[in-house]
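Spelled out, the chains give:
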There are 2 protein chains.
Amino acid sequence: MKKSVKVAIVGAGVSGLKAAETLISSGKIGKDELVVLEAQDHIGGRIQDSHLNQSKLGIPYALGALWYHDSLVNSVLHELLDAGLLNDDDVYYDDKDGPAYTSDGLLDVSGIKLNRVMEEVGQFFGLYFKKNHSDASCDQVVQEYVNKHSHFLTPEQKKYIRRTMRYFELWYGVPAEKANGKMAMESHTGRNLLNKKGYTFLIELLKEKIPESCILFNEGVRFVNQLENSKKKVEVETKSGLKVEADYLIVTVPLSILKLKEDDDYGIKWTPSLPSQTSDYINTVDFAALGKVIFEFNNVWWNENEDHFLIFPDQIDSSDWFRSDGTPRPFSFPALAVNYSRLYNKGGSLVILTPAPLTEYLESHPDQSWTYFKPMLEKIATKPVQDPISTITSQWTTNPYIRGSYSVLLTKIDAKHSSSGEPEGVELGNAVIRFAGEHTIAEGAGCVHGAYDSGKREANWVLNALKGN
Amino acid sequence: MKKSVKVAIVGAGVSGLKAAETLISSGKIGKDELVVLEAQDHIGGRIQDSHLNQSKLGIPYALGALWYHDSLVNSVLHELLDAGLLNDDDVYYDDKDGPAYTSDGLLDVSGIKLNRVMEEVGQFFGLYFKKNHSDASCDQVVQEYVNKHSHFLTPEQKKYIRRTMRYFELWYGVPAEKANGKMAMESHTGRNLLNKKGYTFLIELLKEKIPESCILFNEGVRFVNQLENSKKKVEVETKSGLKVEADYLIVTVPLSILKLKEDDDYGIKWTPSLPSQTSDYINTVDFAALGKVIFEFNNVWWNENEDHFLIFPDQIDSSDWFRSDGTPRPFSFPALAVNYSRLYNKGGSLVILTPAPLTEYLESHPDQSWTYFKPMLEKIATKPVQDPISTITSQWTTNPYIRGSYSVLLTKIDAKHSSSGEPEGVELGNAVIRFAGEHTIAEGAGCVHGAYDSGKREANWVLNALKGN
């Protein structure tokens, strides 16, 4: 089969859908002039709710993005608010100071002033990279702080600071000993607002504005070819053999897909090859694996007034995080347990964030989730611990179309890439190919609103280019 | 009397003393080639401990600077540490999360997530001034935040946020409705470390390295004259009639003295007048009045495990802060009460920071201090409130040689002055006059280490200039 359109978009996640919606809403692109090729059988990409039959409590859990980050400047949040589409019940600031636990039990973070030391370590990152131009991981910078300022730290602070600073892993989705310390210099603009209504609502809003016929499912792109003796400038070919030729192409596949070898079944073969500026960028930035494990219980057996619980790891060498049989040792990784009984008045459930490489393990061995978490969650118990009535794990790393969570900088990369993740448009011969997605934007990188803004940006780029012609 | 030297320094505060010490330690300036003119009968300027006979508990209180701010980069702190001159007992991090009170009693800042909102307001300042290039006070920016984000604030957060953000006044020493909001964008590099040993120790260290004969007391400078038909380039004349001619002059008087009219008894008359760049700077920056009231009690009647207590004001219009008889209403101003029973195991004492214009009132009416503070301190009581056995108030605003605390930006000023407070060296005809002090430096402005660094800077400037000749 063959199609010919003005604009082809690869991927129907939030960036692809926002690009499509922007093009259609402009009135400059008709429904026969646009196609969105989606490799999976559903839209939304890394925005996905659990199926209702997965929850015994009837709660839809966000398996991917959950919060409006940087809420003072979050474009999605402010557009929804301005449109009157959010009620007070749709959002919740789940950022009350929460109790923190280690294998020793409750850690009095405030009493031993560990919160102040953690803030100071945050300030130390900027100081460190002002003086040191070489790369360092989050953990290396924390160790350097401890070395330099040990005379000011109490024995307790020294005991815990390196372990507590691993909370970074719950942001970056990778171990602190690999995460690039430069990421810790990023500042936030506004609180994190829990999106109780779910981001699938946003996906549905965008979908409603795009003609149904524009979105083609189960069409994973395998080839992107420059066209020379043709009216159209670029042709994409999918696994199923569908060929779509277009004037403009917007590629919104996850960074993990761009990083695949060309001969990988899920990779894309570019003819001619991508220019070095683009392939360098793709090689430089990595892909994290933040995951989620959700436990449902008949009753709440923890303090239901807390928004969340933090579990800090023991000081375990990374070579010992997994036992020789491959199972993870408890207290090997930090965990954030969001208390959903603050949000839903049904039984009790905890949504737990996990970093790589724990995510890969649990997503491949979901039946091991409770075995791993039980010794840690026992610490938060105020009543007898119950076994879960259901367990839901995200499946991002096992999904060949996703392969993880979002882009991240590891320690190998160079400073010039740390502040901006925006590769400019790519020209393949006479073909014009653009990229969108959370990995292509500096403000909101890794976030829904960043992906959304990047889709809008690329649609507007195309509209501008059309105007020029 | 007449003296002739290579370098004259006006003021024997920390910047003047550091400049003198640097010159002497260089070996390039002999003891007969340097003079330091001090208007008062003692050295130290705004570094001063209470007299021992003022304290019934035998505690020396720092009436001026108390903390090592920005402790990760504080030059004074790190030099003292490197020299092995600080013991563990000499410093104390007094930054444990402390309880906060209003006229309603204990305010559960963490429980109502007001701490999160306060952090977010801190982030909003940067956002505000990115969009608005005109001036705004701290309080105006907070009000703008509330207006823009009221749909996200709980009724309690709305009730308290403007009042709690007045804690800025305890940093800036001026009311939040006058303090320039741009100051709130400054970030810190390190925790605040309480200097229990006192800064007079630093003053004594510097003094020991300066020949005694170099420092002349009770010599307030009234005239600075350019010399034309003379070997020396500049002449200063003091109130007592002493004339000192010098090749170089370093002026370290407080900004408050520079701001006086030339015909003021405590002002300086410049011939020729200061160049407009310098006088503009002097007019642009203002002088704050952070003060201290110290109460001593026979016993501790508050929670002795707290580092400090915060009192937040009521929402009182500034026109009502003082009653018609001139006395201040309780809960008109924020207050920080540092719990000295954490530092000294003798009776109990509280050191309370006060902003302008309360400072002016209490320093002029020290006998009214307990009347003002009692209704507020009653809130922190865990045992029956006792009357103080002694009260010590700072006297900065009533001291005609000081007239307040340190430099501050008020709302009238222009953005270009907010990030840097370093006026370059001033040339009066063929005379070379340099300025040092907390008001002349960007890093550490308003702080002891800033003043210290500025003195070192100007001494090195002079040493460099001498090398050139």
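Preceding this paragraph is the structure being described.
Keep in mind that this is a model prediction, so the values were computed, not measured.

Draft legend 1. Just helix H2 (residues 75-82) of chain B, in detail. Residue and element names in this part refer to chain B. Turning to H2, its buried residues are Ser75, Val76, Leu77 and Leu80. Of the residues flanking the start of H2, the one acting as N-cap is asparagine 74, its side-chain oxygen 3.1 Å from the backbone nitrogen of valine 76. Following H2 by one or two positions, glycine 84 adopts a phi angle in the positive range, close to 70 degrees.

Draft legend 2. Structural view of the interface of chain B and chain A. Every contact between the two is made by 35 residues of chain B and, on the other side, 35 residues of chain A. Both sides together, the interface formed by chain B and chain A hides about 2800 Å², and carbon and sulfur atoms give 56% of it. On the chain B side of the interface with chain A, the three residues burying the most area are B:Leu72, B:Lys113 and B:Phe152, jointly 24% of the side's total. Where chain B packs against chain A, one counts 4 salt bridges. With its nearest N and O atoms 2.8 Å apart, the salt bridge here joins B:Asp97 to A:Arg116. Across the chain B-chain A interface, the total number found is 22 residue pairs in polar contact (both at pLDDT 80 or more). Elements supplying a minimum of two residues to the side of chain B that touches chain A: H2, strand E4 (91-92), helix H3 (114-131) and helix H4 (138-149) of chain B.

Draft legend 3. Geometry of the packing of aromatic side chains. All names here are of chain B. Applying the stated criterion across every chain, the model contains 50 aromatic pairs over all chains. Taking 5.2 Å as the distance between ring centres and 70 degrees as the angle between the ring planes, the aromatic pair formed by tyrosine 68 and tyrosine 199 counts as edge-to-face. Of the two residues, tyrosine 68 is situated in strand E3 (residues 67-68) and tyrosine 199 in the loop between strand E7 (193-195) and helix H7 (200-208); the sequence distance between them amounts to 131 residues. Owing to a relative accessible area of 1%, tyrosine 68 belongs among the buried residues under this scheme. The exposure class assigned to tyrosine 199 is buried, which follows from its relative accessible area of 3%. Summarising the aromatic geometry, the rings of tyrosine 101 and phenylalanine 309 are spaced 6.5 Å apart at their centres and angled 45 degrees between planes, so their arrangement reads as tilted. Of the two residues, tyrosine 101 sits in strand E5 (residues 100-102) while phenylalanine 309 sits in strand E15 (residues 308-311), which places them 208 residues apart along the sequence.

Draft legend 4. Region of interest: the environment of B:His188. Among the secondary structure elements, B:His188 is positioned in the loop between helix H6 (169-172) and E7. Residue B:His188 is classed as partly exposed on the basis of its relative accessible area of 35%. The spacing of B:His188 and B:Lys28 is 160 residues in sequence and 37 Å in space, taken between C-alpha atoms. Residues within four places of B:His188 in sequence aside, it is in contact with A:Gln123, B:Asp70 and B:Trp171. There is a polar contact of 3.4 Å between the side chain of B:His188 and the side chain of B:Asp70.

Draft legend 5. Fine view of the packing of helix H4 (residues 138-149) of chain A against helix H5 (residues 155-164) of chain A. Residue and element names in this part refer to chain A. Their axes nearest at 9 Å, the elements H4 and H5 cross at an angle of 165 degrees. When the interaxial angle is binned, H4 and H5 end up roughly antiparallel. H4 and H5 meet at a crossing whose hand is right-handed. Every residue of H5 that contacts H4 at Asp139, Val142, Gln143 and Val146 is listed here: Lys158, Ile161 and Arg162. For the contact of H4 with H5, the class distribution of residues is 3 nonpolar, 1 polar and 3 charged.

Thresholds, definitions, all that
Residues numbered from 1 in each chain as written. Chains lettered and ligands numbered in written order. Predicted model: local features only at pLDDT ≥ 70, side-chain atom pairs only at ≥ 80, totals over all residues. Heavy atoms only, no water. Buried < 20%, exposed > 50% of the residue type's maximum accessible area, 1.4 Å probe, protein only. Helix = DSSP H or I, 4+ residues; strand = E, 2+ residues; numbered from the N terminus. Polar contact = N/O pair within 3.5 Å; in protein donor to acceptor, adjacent residues only side chain to side chain. Contact = heavy atoms within 4.5 Å. Buried area = accessible area lost by both parts, 1.4 Å probe. Salt bridge = Lys/Arg side-chain N within 4 Å of Asp/Glu carboxyl O. Phe/Tyr/Trp six-rings, centres within 6.5 Å; stacked < 30°, edge-to-face > 60°. Axes fitted to C-alpha atoms, helices over the stretch in contact; angles between N-to-C directions. Parallel < 35°, antiparallel > 145°, perpendicular 65-115°, else oblique. Left-handed = near helix turned anticlockwise from the far one by under 90°. Nonpolar A, V, L, I, M, F, W, Y, C, P; charged D, E, K, R; others polar.

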